[in-house]
Amino acid sequence: MSEIVLHQWVMSPFCNKIRRCLEFKGLSYQVVNYNGLRALDAVRLSPAGKLPVLDYEGERLQDSARIARFLDHKHPGKPLYPADAAALAQARLLEDWAGTSLYFYELYLRMLDPVALEKALDLVCAGRPQWERMVVKLVLRRRYPNKLAKQGLGNYPRAEVVKMLLQHVQDLDAQLQSRPYLTGEALSIGDIAVVAQLDEMIRTSDVAERILSFARVKAWYERCGGMNS
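Rules used in this analysis
Residues numbered from 1 in each chain as written. Predicted model: local features only at pLDDT ≥ 70, side-chain atom pairs only at ≥ 80, totals over all residues. Heavy atoms only, no water. Helix = DSSP H or I, 4+ residues; strand = E, 2+ residues; numbered from the N terminus. Buried < 20%, exposed > 50% of the residue type's maximum accessible area, 1.4 Å probe, protein only. Contact = heavy atoms within 4.5 Å. Polar contact = N/O pair within 3.5 Å; in protein donor to acceptor, adjacent residues only side chain to side chain. Core = buried A, V, L, I, M, F, W, Y, C linked by side-chain atoms within 4.5 Å. Salt bridge = Lys/Arg side-chain N within 4 Å of Asp/Glu carboxyl O. Pairing = 2+ DSSP bridges. Axes fitted to C-alpha atoms, helices over the stretch in contact; angles between N-to-C directions. Parallel < 35°, antiparallel > 145°, perpendicular 65-115°, else oblique. Left-handed = near helix turned anticlockwise from the far one by under 90°. Nonpolar A, V, L, I, M, F, W, Y, C, P; charged D, E, K, R; others polar.

Caption draft 1: Main features of the environment of Tyr-81. For Tyr-81, the location among the structural elements is in the loop between helix H2 (64-74) and helix H3 (85-111). Tyr-81 sits in the buried class, given a relative accessible area of 12%. Taking the C-alpha atoms as reference points, Tyr-81 and Ser-188, separated by 107 residues in sequence, lie 5.9 Å from one another. Dropping the residues within four chain positions of it, Tyr-81 is found in contact with Ala-65, Ala-68, Arg-69, Asp-72, Leu-88, Arg-92, Glu-95 and Ile-189. In this structure the side chain of Tyr-81 is engaged in a polar contact, spanning 3.1 Å, whose partner is the side chain of Glu-95.

Encoded structure:
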């Protein structure tokens, strides 16, 4: 049995991020999915009741940024965080932007669109009884519109939100004009954090083709490993 265990929600972009970090480091790990009402068990893993949580050789860690830094400390051979000061600063800014801004576009496109929501439920309720799907759907439909409204993005019409998102994707495309990765010549935590958010939009949203219509973004996405499921 692997001494590294990732506790995750399969549709979480933050769990996607940690899967990518582990695979980038070449580490063997097990996954425990908290599908359906098993999600309630996540409360005992983290004071915040959130995933991912990583068990690493007897040590338990919460929060994707903290886990990524921990993995870099333990396995420095393939760094997630660049040594160059300017590249490091940019990587950290991208990691934070992905988690505090881009994340809400992912939530909007997934939770406020009926078709995308059903695809998300297919993921998060896989292997669970059908009746749990109805309960989870009710919880998601109650929780996330309110969360998005409080954040602000939920108060905009979908067309405007998609327009704002595609402007961000265009900006990423421009950053990739003269380099293969967002922070330079090598993949970094900035790339991983951003691509993990886009990955979840591409997985369930009908905006996927429009995101990948930007040639440099599409090539970068493929360099980063494409869909991580």
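Text resumes after the structure shown.
Caption draft 2: Region of the structure containing the nonpolar core. Counting residues in each nonpolar core, the largest one holds 67 residues, and the members touching the most others are Leu-71, Leu-165, Val-194, Ile-211 and Trp-220. Sequence-distant contacts of Leu-71, that is, excluding residues within four places in its chain, are made with Cys-21, Leu-22, Lys-25, Leu-27, Leu-54 and Tyr-56.

Caption draft 3: A look at the pattern of salt bridges. The final tally for this structure, using the stated rule, is 13 salt bridges. Note that Arg-110 is salt-bridged to Glu-106, the shortest N-O span being 2.8 Å. In this pair, Arg-110 and Glu-106 both sit in helix H3, four residues apart, roughly one turn of the helix. When its relative accessible area of 1% is taken as the criterion, Arg-110 is described as buried. You can call Glu-106 buried: its relative accessible area is 2%. Residues Glu-118 and Arg-133 are paired through a salt bridge, measuring 2.7 Å at the closest nitrogen-oxygen approach. Residue Glu-118 is located in helix H4 (residues 114-124), and its partner Arg-133 is located in helix H5 (residues 130-151); the two are separated by 15 residues in the primary sequence. In this structure Arg-133 comes out as buried when scored by relative accessible area, which is 15%. Each of Glu-106, Arg-110, Glu-200 and Arg-203 takes part in a single network of salt bridges with overlapping partners.

Caption draft 4: Geometry of the sheet that holds strand E3 (residues 53-56). Spatially, the four strands line up as an open sheet ordered E2-E1-E3-E4, and their pairing is mixed. The strands lining the two open edges of the sheet, one partner per strand, are strand E2 (30-33) and strand E4 (59-62). Looking at each pair of strands side by side, their axes are set apart by 20° on average, direction ignored. Bridge analysis of strand E1 (residues 4-8) against E2 gives four bridges, and the strand direction is parallel. Bridge assignment links Val-5 to a residue of E2, and that residue is Gln-30.

Caption draft 5: Representation of the side chain of Asp-173 within the structure. In this fold, Asp-173 is placed in helix H6 (residues 158-175). Looking at Asp-173, the relative accessible area reads 9%, which means it is buried.

Caption draft 6: Inspection of H2 at higher detail. The set of residues buried in H2 consists of Ser-64, Ala-65, Ile-67, Ala-68, Phe-70, Leu-71 and Asp-72. On its buried face, H2 is in contact with helix H1 (13-24), E3, E4, H3 and helix H7 (189-204).

Caption draft 7: Quick peek at the packing of H3 against H5. Between H3 and H5, the least distance of the axes is 10 Å, while the angle of their chain directions is 140°. As the angle between them shows, H3 and H5 are arranged oblique. As for the relative orientation of H3 and H5, their crossing is left-handed in sense. On the side of H3, the interface is formed by Tyr-103, Phe-104, Leu-107, Tyr-108 and Met-111, while H5 contributes Leu-140, Tyr-144, Lys-147, Leu-148 and Gln-151. Across the contact of H3 with H5, the residue classes tally to eight nonpolar, one polar and one charged.

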